[in-house]
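# Survey of secondary and tertiary structure
Single-letter residue listing:
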Amino acid sequence: NAGVMQNPRHLVRRRGQEARLRCSPMKGHSHVYWYRQLPEEGLKFMVYLQKENIIDESGMPKERFSAEFPKEGPSILRIQQVVRGDSAAYFCASSPQGYSNQPQHFGDGTRLSIL
Amino acid sequence: KNQVEQSPQSLIILEGKNCTLQCNYTVSPFSNLRWYKQDTGRGPVSLTIMTFSENTKSNGRYTATLDADTKQSSLHITASQLSDSASYICVVSARAGANNLFFGTGTRLTVIP
């Protein structure tokens, strides 16, 4: 499968724990985007990364959330000390170039549930 | 304020019938408009992408139109199939920045036999 791979597909955490969501972009894609989707709402941009660089994190909450895209390995979205309001579907997308006319290819998301 | 609004919110049609979904936007400056299909529990999949100069684009039974003057787009589905049941999301890209994508909340289409 050469598509965007996200894991885990489902993640359950208790309040106060940490959640780590992984995203492997399509082969040849070096641009990764993270989005959050709440029930009955549209996707909301969180962060845009290139290899080893955060390009735009204007959609990321200022606290508890961080993202990285190391030289080797998948991109990681990390949520520390999770709260109930973090329950959502988190989607990752990738593109070969970082221009707005480039299609983004989405993974199937990680559904995060906070108990 | 940059916004994308879709209508209707949900739609139920009989298998074999046609339908049209609407998207109005206020995003400026405009770069392109995309329609995505999102099956339940899956990520969005791109159907079409149109730039300012394109009025229509087809992908099989899906035909998207764009009126950049009125800032409206539509997605027409011909001879619907049960597998067309999904959410259809309109996404508008602003110039200047790859992250400047504005998502509509989608139209939930249900095709019944």
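Throughout what follows, the structure given in this document is the object of discussion. (Residues numbered from 1 in each chain as written. Chains lettered and ligands numbered in written order. Predicted model: local features only at pLDDT ≥ 70, side-chain atom pairs only at ≥ 80, totals over all residues. Heavy atoms only, no water.)

Right, let's get into the interface of chain A and chain B. In this complex, chain A contributes 22 residues to the contact, which on the side of chain B involves 20 residues. Both sides of the chain A and chain B interface together cover about 1600 Å² of buried area, and 52% of this is carbon and sulfur. Here chain A and chain B share one salt bridge between them. The partner of Arg42 of chain B in a salt bridge is Asp108 of chain A, with the nearest N and O atoms 2.8 Å apart. Only strand S4 (31-37) and strand S5 (43-50) of chain A provide two or more residues apiece to the side of chain A that touches chain B. Taken together, the residues of the side of chain A that touches chain B break down into nine nonpolar, eight polar and five charged. (Contact = heavy atoms within 4.5 Å. Buried area = accessible area lost by both parts, 1.4 Å probe. Salt bridge = Lys/Arg side-chain N within 4 Å of Asp/Glu carboxyl O. Helix = DSSP H or I, 4+ residues; strand = E, 2+ residues; numbered from the N terminus. Nonpolar A, V, L, I, M, F, W, Y, C, P; charged D, E, K, R; others polar.)

Turning next to the sheet that holds strand S8 (residues 72-77) of chain B. All names here are of chain B. Pairing is antiparallel in the open sheet, where five strands are placed in the order S1-S3-S8-S7-S6. Each edge of the sheet is formed by a strand with only one pairing partner; in this case those strands are strand S1 (4-7) and strand S6 (56-59). Between one strand axis and the next, the sheet turns by 15 degrees as a mean value, whatever way the strands run. In terms of strand pairing, S6 meets strand S7 (residues 62-67) through four bridges, oriented antiparallel. Pairing of Asn59 across the sheet is with Tyr62, part of S7. (Pairing = 2+ DSSP bridges. Axes fitted to C-alpha atoms, helices over the stretch in contact; angles between N-to-C directions.)

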